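Single-letter residue listing:
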Amino acid sequence: MRFTTSLRALATELAILGALAGACFAARADPAPSMACSRLIKVAISPIGRSMMVSGNGAVTGIVRDFLDLVSQRSGCAFDYMVVPRARAFAMLEKGNIDVVPAVNRTDQRDQWGKFVHLYDNRPMLIAFKERLPSALGLAQLIDGPTSIGVVRGYDYGPAYAALLSDPRMQTRVSLVLDPEMSARMLVAGHIDAVLMAPSAFVDAAELAGIVDLVFVTPVDGLPFAPAGMYFARRGVDATDQAKVETAIDFLVKRGEYSRLLKKYYANPRWALGNLKSTSTASQMP
């Protein structure tokens, strides 16, 4: 009996030592934090190309969702997705009624409302049928020339883009539209010569209109790459929680995860990646 009891005691001690050793190994193998945030972090979701997609039943998919799933695994923090129109998302950011607005270009005005987290670089390009656009175009040529363009209301690609749209010489040749789908319809109907936006944001509209293999993209010399990523509201998110999420984001971006997702979702058509530049590789997407 004593011998059996001793064996049981020894087995128990060995099990405890094994569990401790396993925990130490796991800690060394994966230094990612495991503590959850103090609450769910609210993310504004507005359908934009393949970055943010919302199905008929409200399911959120796309690059942003896949990336934030990785962030959640890394940080232990969970996200609550709220589907709202893009304009309302920025109004909510300004008032602190939402925690995160993703897939957004950095602007001075938005910097007043939130803290910017850089994920990639982005630029607008001219998208048109080949016969309607020269193969190369400068900003001055666009301003002084006859090309009429469609732009999506609420899209902002930085100071040079804003200055172009406000130039008096462009006023009669710029059409403000509600979404990329409307711009594609106007392009097909011949109401505009080109669409000026990030090609990645135009892909699905081009597919819907049946012109994905018919259009070409042209960079405009004078409209540079600009930082893009997501904004954290200056009011709302606990500082400790935000630090956990930002640490996870920084790690994943440096590891190339956001770049990998961009290439995965925009593998076809090839022209869709012309406006994107990865911060992890500091080079334009292929």
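Relevant structure appears above.
Parameters and conventions
- Residues numbered from 1 in each chain as written.
- Predicted model: local features only at pLDDT ≥ 70, side-chain atom pairs only at ≥ 80, totals over all residues.
- Heavy atoms only, no water.
- Pairing = 2+ DSSP bridges.
- Helix = DSSP H or I, 4+ residues; strand = E, 2+ residues; numbered from the N terminus.
- Axes fitted to C-alpha atoms, helices over the stretch in contact; angles between N-to-C directions.
- Parallel < 35°, antiparallel > 145°, perpendicular 65-115°, else oblique.
- Left-handed = near helix turned anticlockwise from the far one by under 90°.
- Contact = heavy atoms within 4.5 Å.
- Nonpolar A, V, L, I, M, F, W, Y, C, P; charged D, E, K, R; others polar.

Visitor: Any chance you could break down the sheet that holds strand E10 (residues 174-177) for me, citing the residues and the numbers?
Guide: Spatial ordering of the open sheet is given by E10-E9-E11-E7-E12, a layout of five strands whose pairing is mixed. The open sheet has two edge strands, E10 and strand E12 (215-218), and neither has a second partner. Taking each pair of neighbouring strands and ignoring which way they run, the sheet shows an average axis angle of 30°. Pairing geometry for strand E7 (residues 125-129) and E12, over four bridges, is antiparallel. Each residue of the ladder has a partner; that of Phe129, found in E12, is Val215.

Visitor: Give a description of the packing of helix H2 (residues 63-75) against helix H10 (residues 257-265) that names residues and reports values.
Guide: Remark: H2 packs on H10, axes separated minimally by 10 Å, with the N-to-C direction vectors making an angle of 150°. Overall, the two elements H2 and H10 adopt an arrangement that is roughly antiparallel. H10 is crossed by H2, and the crossing has right-handed handedness. Taking contact as the criterion, the partners of Ile63, Val64, Asp66, Phe67 and Leu70 in H2 are, on H10, Glu257, Tyr258, Arg260, Leu261, Leu262, Lys264 and Tyr265. Residues that form the contact of H2 with H10 fall into these classes: eight nonpolar, no polar and four charged.

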